[in-house]
Each structure stands twice: as C-alpha cells, then as structure tokens.
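Close look at the chain arrangement
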Amino acid sequence: MILLDRPYVSKHFLNYLERSGQPVLETPFTAGLARDYGLNLVDDAEAEKRCRNGERLYTSSENALEWIHAHLGDMPVARHIDAMKDKAALRRLLAGMYPDFFFREIPVGELGKTDVSGWKKPFILKPSVGFFSLGVYTITSDDDWTAAVADIERNLRESRDRFPESVVDQSSFLVEEYITGEEFAVDVYFDGEGEPVILNIFTHRFASLSDVSDRLYYTGKDVIEANKARFEAFFRKVNALMGIRDFPAHVELRVEGDRILPIEFNAMRFAGLCTTDMAYFAFGINTVDCYLNDRKPVFDAILRGREGKIYSMVILDKPKSLPPSSAFDYDRLAAHFAKVLELRKVDVPELPVFGFAFTESDAGRTEELDTILQSDLTEFLR
C-alpha cells in the first residue's frame, strides 16, 4: 500500500507504480498524478483495510504520516513513527546504549534564556522533530548560539508555512553533543521477524565542520562491503529496544572506530524526495519493490563488476540569495561530470532545490565531486 504526497514524486517511482499496479491511496494529489500515470487508486476505506490486514505500507513523503495517525493511530505503526520522529524521545529510548552521550531538550521559548557558556562545544542544535536539515545549527561558540536562536525566531513561521506542523514541529529543540566520525545514510527495512534488511548505504560528504548541508552522498562496492555487516548488527541492537516489524526507514549514522551512533531515523520511507532511486542507478535495486515484496538483495552478486566505481547523488540546492528570475543551466551542470546517470529536474517552487544529479565516477578521480561540494552553484545560474 502506497501513500504519495507533496512536495515531489519522481517519474522513476511513478513508472514503477504504473507497471506494478501497487495500490495507491486516492487523494487530490494522486488523482492529479493519475492523469499522466496509470495508478491503481484506492479510497481511504480500502487503504485502511489493506493495512489492517497486514499489507506493507510505504510513504513517499512525511506529509503522508498524518493519514497514518488518523486511520491507523491505534496500530503499532503509529507508535513506531512517533518514536522515530521525535529525536529527543529517540535519544531517551537509546540512552542505555550510549550512557555518556550528552543531550538536552529545550522548549523553543526557553532557547533565548538558556546559558550555554559552560557547555562543551561544538554541539548541535536542531528541532526535536524536523525535515530536510531545517533549523540545524553547529554551535562552536556562545556567539553561534545567540545567532542561531535569533535565526530560529525569524524562521519559525516560514518553516511552518512550508511544511505541516507534524513534519516540522519546532515547539522544542534538541541540543546534543557533536557526533564525530564519518557520516552515512542507510535505506533499511525490518522484515516480519524484525530482522534488518539493508538496501543501500550512502557516505555523506561535507565541505567543512560547520557544513550541515545535504549536497553530496555517494555509494559503491567498497562502501557496501565495508559497512553492511556492522550496520546490520547495529540495527539488531536498536530493534531489540524498538520492536519494529514490516517497517521501512532511512537512517543517518556517524561512525568513529567501533562506535556507531544514530543521528536520526526517518520513518516509513527511504531516502527523501525519491532519492532512494540512487540504489537503482548504482546497483539495479528498486528499494521500494524489495520492501513491499520482502526481497533481500544478494550484494555479493550485485557488486561483482562494479569495482573501482563511485555512484554519487548531488543535491542541487538553491543558493540562499537566489537572484530574481534566475534559471538553472542543467546542461552546464551535466557537462561538469564525466558520466551522468540521470539529471533530475525538480520544478517545485516551494522546495529549496533545482534537482538532483546521479553520477558515476572512477574511485581514484573525484575532482568533479570535490569541486561541486564546495560550489554554491551560482556558476550554473543564467
């Protein structure tokens, strides 16, 4: 059972839904999509019946979580969503695994009154519930804290205008110690026995310590083979506390030595805005189909012949000071890369992105990735 919602659904996902005939909840949004794609639309009653009868559920957008709470609020799926969405609650749930980890939840109205002068820095400040790096700040000094609080106060109304309050509920913020180490993003589902099934692993690269953007992720044979087994073991420990079954998630982690610490769990979906499609471009894996049909990729066979390659996802985020009436030159952007697997244009004004580039490069030649990571993309405006 599929729940689609704004702001964006990729053509790749829509083509899969048309081919497979997977049931899709009928809404004004999906009715509009069905004018161009042969979607198998079902009404609220049929969708709820399917879910209560044990059919697996997947959402393209966290905006759709409201329907789950309204129609399936008494089922475990709603409880698990809440446990993942509230980052402070998740920290409390996993506290036994990380007894020395510092975190604190602060009501938004108390941020300006909180004295952080004696706190160890750097640390992270972010909404207890949030999406797409909204309101995430790296605090390295007391001045950073003052500036962040002022920015939150300015942007609070704008964030709630762009996303439902259930998605960006900034009534409280989470302060937590800066998690060091290499960052990863994992598409995983928990099967009927609660066993984790990993479908893709991305390495998340940053331009600097203060960078919290989502510009560049990459995967490949080396990334999968170096991390799959240890991440599976980690998810088993986490799920011993959560007790999740038949449930997809997109999880962000940081790894330093033997320490694996989650940044956040995103419920009922894989990588946001249909960027989970990267697994298809890199490995031929349709992550949603695997989850819905309980398929488990055999990576030993999948990775054969993919030695020495890096598969990247570049998020083409709009510059903060976007000139009026400016347009993005996708052809010039494509020419920057040796091999573009797909250049995905996103014409959704409310989203802070021009689109996504999925690319392939040689592991020993990453100059194009290094350059795009540092760019503000203004050279691609016209």
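The model shown is predicted, which means the values in this text are computed figures rather than measured ones.

1. Notes on the packing of helix 4 (residues 65–72) against helix 5 (residues 76–85)
Close contact between helix 4 and helix 5 brings their axes to 9 Å; oriented N to C, the two are set at 140 degrees. Regarding the angle of helix 4 to helix 5, the classification is oblique. Our pair here, helix 4 against helix 5, has a crossing hand that is left-handed. Residue-level contacts link Leu65, Ile68, His69 and Leu72 of helix 4 to Val77, Ala78, Ile81, Asp82 and Lys85 of helix 5. Of the residues contributing to the contact of helix 4 with helix 5, the split by class is six nonpolar, one polar and two charged.

2. Things to note about helix 1 (residues 11–20)
An α-helical segment advances 3.6 residues per turn. Residues three or four places apart therefore align on the same side. Regarding helix 1, the residues found buried are His12, Phe13, Leu14, Tyr16 and Leu17. Once helix 1 ends, the next one or two residues include Gly21, with phi positive near 70 degrees.

3. With respect to the sheet that holds strand 14 (residues 309–317)
Taken together, eight strands build an open sheet; the order of strands is 13-12-9-10-11-14-16-15 and the sheet is antiparallel. The sheet is open, and its two borders are formed by strand 13 (259–267) and strand 15 (340–345), each paired with just one other strand. Across this sheet, the average inter-strand angle for adjacent strands is 25 degrees, counted without regard to direction. Pairing of strand 14 with strand 16 (residues 353–362), which is carried by nine bridges, proceeds in the antiparallel orientation. The residue of strand 16 that forms the bridge with Lys309 is Asp362. Sheet contacts for helix 5: strand 12 (247–256) and strand 13; angle to strand 12, the most-contacted strand, approximately 25 degrees. Each of strand 9 (182–190), strand 10 (196–205), strand 11 (216–219), strand 12 and strand 13 is contacted by helix 8 (residues 221–242), which is oriented at about 120 degrees to strand 10, the strand it contacts most.

Cut-offs and rules
- Residues numbered from 1 in each chain as written.
- Predicted model: local features only at pLDDT ≥ 70, side-chain atom pairs only at ≥ 80, totals over all residues.
- Heavy atoms only, no water.
- Axes fitted to C-alpha atoms, helices over the stretch in contact; angles between N-to-C directions.
- Helix = DSSP H or I, 4+ residues; strand = E, 2+ residues; numbered from the N terminus.
- Parallel < 35°, antiparallel > 145°, perpendicular 65-115°, else oblique.
- Left-handed = near helix turned anticlockwise from the far one by under 90°.
- Contact = heavy atoms within 4.5 Å.
- Nonpolar A, V, L, I, M, F, W, Y, C, P; charged D, E, K, R; others polar.
- Buried < 20%, exposed > 50% of the residue type's maximum accessible area, 1.4 Å probe, protein only.
- Pairing = 2+ DSSP bridges.

Spatial relationships are all this shows, so hold off on functional conclusions.
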